[in-house]
Amino acid sequence: MKITGNSRRTFLKSALAGSAVLYFPQSVLGREGAVSPNEKIVLGGIGIRSRGTYVLNCFLPEKEVRFAAIADVRKDRRLAVKELAEKTQGTNDVAMYRDFRELLDRRDIDAVLIATGDRWHAHASIYAARAGKDVYSEKPCAISIDLCNKLAETMRQCGTVFQGGTQRRSVWNFQYACALAQSGKLGKIHTVHASIYYMNQRTDWLPAQPIPDREELDWDLWLGPAPWRPFNMAYCNGAWRGFDDFDSGARHLDWGAHTVDLCQWALGMDGTMPVRYWAEGDRAYAEYENGVKLVMRPNGWLGLGTCPIRLEGTDGWVETGDTGRMVVSSAPLYSTEKTIAGTNAKTHVRNFLDCVPTRQQPVCNAEVIRSSHIACHASALSWLLKRELKMDPQTATFLNDDEANRLRYRASREPWMV
């Protein structure tokens, strides 16, 4: 599904003709000897570790991509990414930065891959967009309802091509399942199921350890907008997950960012969200204005791999997951023999790269992410508050619940307010 837009040339002309003063990278304009984006997209990386390395390996083989710089608070990661990119590209000119703002200051960089921890995704994306860069950001793209709104608004104002890393919209079996729901072959859809982790929330601190030298690991910059706490290396090695200061919505978005997004797509609900949320035990529920029920659950699946979804209608159902296998209620619903295991992000990256020169918006653009992520956050808040919440989907505000509305926001440490 594509949202059509102006070509890059038309976009630039209309933007430059307006009253706003916008910054565009020199490579976009083809000036000062820079290579035209029709030939090369100059890419920078921000916070590249395990998942980021996988996605970067999807970018590097693409013929129009030149990876030019890595920004990371960890020296070992800067060196590792530089070595990987230079070996793949056959170059020796990948620059390294501790502070991502120095990377964003480079006028030759067209786009950035953001694969930091969750606490940084929205802030880094907003900084990048304001610096004139297009953005591919890992999910969840924002850790509060407020940041979901600010992310989408900033991408709109800056004319940014934004792709959220919820790559399952670009994976064939999930596309097939959602197409079945949209085609009417399942009848009228009444219930959709999205897999999530077991929800929890941690607010404790790990034991304090000596803070490393800033050039080896910049702890203050690692924390970024998150509240201060004592250093512990385990956070930096991935143990930040589950801690409320760093993670998203009681871990609801770890898988829900993918699976709720797919359910929204199957229902044609991009741009809106459920109006009612509640939780029972380890399951969360939501209901759309048209009465369709969204069930978010960690268990009871058919064993088709991680991140499964199930779509149920009056005439049939379909369930699929990351193995690429699919189970349907009747054979005629499944008419292809194609099976691809795993959740390859290459097609998702390709969609982003195709949109950079055309200025079209990718399949998981900021407006799509806004609605699916807010649905996850609202569901998590109903679980945390242990009560039903009702939401106005137009304003993404809760009805008659001041506490829930306050929790739509997270404070950011100075100087990282956006």
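The structure we're discussing is the one just above.
Here goes a summary of the coordinates provided. (Residues numbered from 1 in each chain as written. Predicted model: local features only at pLDDT ≥ 70, side-chain atom pairs only at ≥ 80, totals over all residues. Heavy atoms only, no water.)

**Observations concerning the sheet that holds strand S4 (residues 111–114)**
Sheets are built from strands paired through backbone hydrogen bonds, the pairs being either parallel or antiparallel. As a reminder of what qualifies: Here the rule is simple: two strands pair whenever DSSP picks up at least two bridges between them. Going along the chain from the N terminus, every DSSP run of H or I of four or more residues is numbered as a helix, and every run of E of two or more is numbered as a strand. All axes here are fitted lines through C-alpha atoms, helices being fitted over the stretch that makes contact, and every angle between N-to-C directions spans 0 to 180 degrees. By definition, residues are in contact when any of their heavy atoms lie within 4.5 Å.
As summarised here, the arrangement of the six strands in space is S3-S2-S1-S4-S5-S6, forming an open sheet in which the pairing is parallel. The sheet is open, and its two edges are formed by strand S3 (95–97) and strand S6 (162–164), each paired on a single side. Strand-to-strand twist across the sheet, computed as the mean angle between neighbouring axes with direction ignored, equals 20°. Summarising the sheet, strand S5 (residues 134–137) and S6 pair through three bridges and their orientation is parallel. Of the residues in S6, the one forming a bridge with Tyr-136 is Gln-163. Helix H4 (residues 75–89) contacts strand S2 (65–71) and S3 of the sheet and is inclined by roughly 165° relative to S2. Sitting on the sheet, helix H6 (residues 118–130) is in contact with S4, S5 and S6, with an inclination near 165° to S5.

**Focus: the pattern of salt bridges**
Note the threshold: In the sections that follow, a salt bridge refers to a side-chain nitrogen of Lys or Arg positioned within 4 Å of a carboxyl oxygen of Asp or Glu. A simple rule labels every residue: compare its accessible area, found with a 1.4 Å probe on the protein chains alone, to the largest value its type can have, and call it buried under 20%, exposed over 50%, or partly exposed in between.
Enumeration according to the criterion identifies 32 salt bridges in this entry. Of the charged contacts in the structure, one is a salt bridge between Asp-245 and Arg-229, with a shortest N-O distance of 2.9 Å. Of this pair, Asp-245 sits in the loop between helix H10 (233–239) and helix H11 (252–267) while Arg-229 sits in the loop between helix H9 (219–223) and H10; the two residues are 16 residues apart in sequence, bridging distant segments of the chain. Note on Asp-245: relative accessible area 22%, which makes it partly exposed. Through salt bridges with shared partners, one network takes in Arg-78, Arg-98, Arg-214, Glu-215 and Asp-218.

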